[in-house]
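A closer look at the structure
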Amino acid sequence: MQEVYTYRMRRKDGVYRWFETTFKAVRSEFTGGLLEVQSATVDIHDRKVVEECLQAQVERSQQLVDLTVALEGQTEPTEMAREALERCVRLTEFTCGYYLEIQRDSLRLLHHIGGTEELLAGLLDAYHSVTALGELGKALCANEGYHTTLNPNNLPQQLRPLLHRYRSVYGLPVTVRGELQGAFVLLSEHVHMTGESRRLLRAVAERVGAALERSLNLKQLDASREETLRALGLMLEYRDYETKGHTDRVVALGERLGRAMGFQDKELDALRWGAYLHDTGKVAIPDAVLLKPRKLDADEWALMTRHVEIGYEMLHHIPNLPPATLEVVLHHHEKWDGSGYPAGLAGPDIPLAARVFSVVDVYDALTSNRPYRAAWTKAQTLAYLREEAGRQFDPYVVEVFLRLVAGESGKHPQEECT
């Protein structure tokens with residue numbers, strides 16, 4: 001019998017580190033009496049830091065997914081702004097925020113969080129138009145985010161004592177069909193702003209813009225949902241520019257292969273949405289692992305493989321998301337011979353949509369440049385797919401894919417592989 005204890009200890013220099021101690025009781029095989037207690041202690045600080053970082057990113061990513069779901073059910077601009085603004089302040093270093101509706105040059109406050117009533121009144125009195133916002137207003141009109149430190153000498157006299165606790169401000173535009181419709185203005189007690197916060201806030205603003213557009217035209221609700229799912233799928237590309245365009249390419253190619261496989265309407269929707277969302281879980285993988293230009297070690301690879309389960313956990317509660325979409329997210333790294341992950345499914349036990357998408361995903365990955373290798377040629381990639389049919393891929397899906405590519409080029413499938 002053994003017990004494992006995880007704890008922190010403080011070194012002489014005052015720094016805390018995580019340790020793990022395992023105790024094992026050794027008993028007599030004759031009497032059962034206790035002979036000795038063995039213990040082993042391991043420094044697990046680096047592992048613990050990675051786990052905590054992963055958990056924090058999962059929670060932040062989950063909040064973004066939850067916001068997308070919340071905006072999906074809202075039609076009133078005021079409620080959309082409230083939902084988004086609360087998440088912005090909760091998930092970033094900012095402690096005070098405002099959402100402003102913009103009509104031509106005029107500003108109207110829709111919602112605020114944090115700050116005093118006196119500060120709110122002072123801001124409304126001093127800044128009644130986009131022009132009055134100065135450089136911030138110019139950036140918003142140019143559809144750009146704007147982050148700057150607060151210099152008391154550049155503030156109206158009446159605002160200086162009200163803003164003394166804040167060190168910086170960030171403004172982010174919300175556009176609908178290319179037109180400036182609103183802006184988030186956030187105040188922080190810190191000078192610096194993390195890149196992660198910048199990416200998250202930019203994504204929030206994009207979602208608010210998409211949600212406002214849906215509220216303007218309910219007849220385009222289905223199309224707007226498509227764009228929301230696409231935005232979720234593109235989150236990874238904000239972090240990993242080497243994969244830029246991957247989402248749109250696999251969506252387009254996956255839909256063509258799905259049609260060639262006989263998928264109809266809702267089946268195609270489910271496959272397309274799975275293609276949008278297939279790598280959602282990678283937003284929770286630390287940059288040091290996701291963006292590593294060299295081969296991953298065993299621990300890093302184990303962490304990377306968790307992205308399919310993380311993505312599934314993040315997405316499975318979204319209303320009306322088809323089971324086949326979630327199957328693509330969870331099982332697109334399964335292999336026909338059972339050697340894939342996460343469940344080691346084999347053959348027809350792998351959901352069909354996942355089998356279809358895996359061919360498309362690997363095809364696009366191999367024909368695209370990566371930090372650790374140059375893109376393969378089309379012929380090399382098709383030859384690889386043919387070679388892996390029956391091992392990594394469903395042989396029939398590969399056959400249909402080769403015919404599809406050959407039909408587009410006018411060549412025989414075998415010629416495409418040479």
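As the structure is a computational prediction, the values presented were derived from the model and not from experiment.

Where empty space is left becomes clear once a probe the size of a water molecule has been rolled over the atoms. Approximately 600 Å³ is the volume attributed to the second largest pocket. Lining the second largest pocket are 26 residues, and of these Y127, L133, L136, L155 and V169 lie nearest its centre. Secondary-structure elements contributing two or more residues to the lining of the second largest pocket are strand 4 (94-103), strand 5 (106-113), helix 3 (117-126), helix 4 (135-141), strand 6 (146-149) and strand 8 (179-188). For the lining of the second largest pocket, the class distribution of residues is 18 nonpolar, 6 polar and 2 charged.

Right, let's talk about the nonpolar core for a bit. Core analysis: the largest hydrophobic core is formed by 52 residues, its most contacted members being L257, L277, L315, L321, L385 and F401. A total of 8 residues in this core trace back to one element, the largest contributor, which is helix 13 (residues 352-366). With residues near it in sequence (within four places) discarded, L277 still touches L229, L232, G233, L315, L321, T325 and V329. If you look at the next biggest cluster of nonpolar residues, it comprises 24 residues, including M80, A84, V174 and V176.

Scanning all chains against the criterion turns up 1 cavity of 30 Å³ or more. Lining the largest cavity are H331, E334, K335, W336, I350, A354, R355, S358, Q392, F393 and D394. With 3 residues, helix 13 is the largest single contributor of residues to the lining of the largest cavity.

So, on to helix 10 (residues 298-305). Three or more residues of helix 10 are buried, namely E300, L303, M304 and T305. Where helix 10 begins, the capping side chain belongs to D297, and its oxygen is found 3.1 Å from the backbone nitrogen of D299.

Scanning the model with the defined rule gives 21 salt bridges in all. Between D279 and K282 there is a salt bridge, with its nearest N and O atoms 3.5 Å apart. Residue D279 is classed as buried on the basis of its relative accessible area of 13%. Two residues, E399 and R403, come together in a salt bridge whose shortest N-O distance is 2.8 Å. Of this pair, E399 and R403 both sit in helix 15 (residues 395-409), 4 residues apart, roughly one helical turn. A relative accessible area of 41% means that E399 is categorised as partly exposed.

Procedures and definitions
- Residues numbered from 1 in each chain as written.
- Predicted model: local features only at pLDDT ≥ 70, side-chain atom pairs only at ≥ 80, totals over all residues.
- Heavy atoms only, no water.
- 1 Å grid on protein atoms, 1.4 Å probe; cavity = no way out; pocket = protein on both sides within 12 Å on 5 of 7 lines; lining within 4 Å.
- Points joined across faces, edges and corners; volume = space filled by probe spheres on them.
- Helix = DSSP H or I, 4+ residues; strand = E, 2+ residues; numbered from the N terminus.
- Nonpolar A, V, L, I, M, F, W, Y, C, P; charged D, E, K, R; others polar.
- Core = buried A, V, L, I, M, F, W, Y, C linked by side-chain atoms within 4.5 Å.
- Buried < 20%, exposed > 50% of the residue type's maximum accessible area, 1.4 Å probe, protein only.
- Contact = heavy atoms within 4.5 Å.
- Polar contact = N/O pair within 3.5 Å; in protein donor to acceptor, adjacent residues only side chain to side chain.
- Salt bridge = Lys/Arg side-chain N within 4 Å of Asp/Glu carboxyl O.

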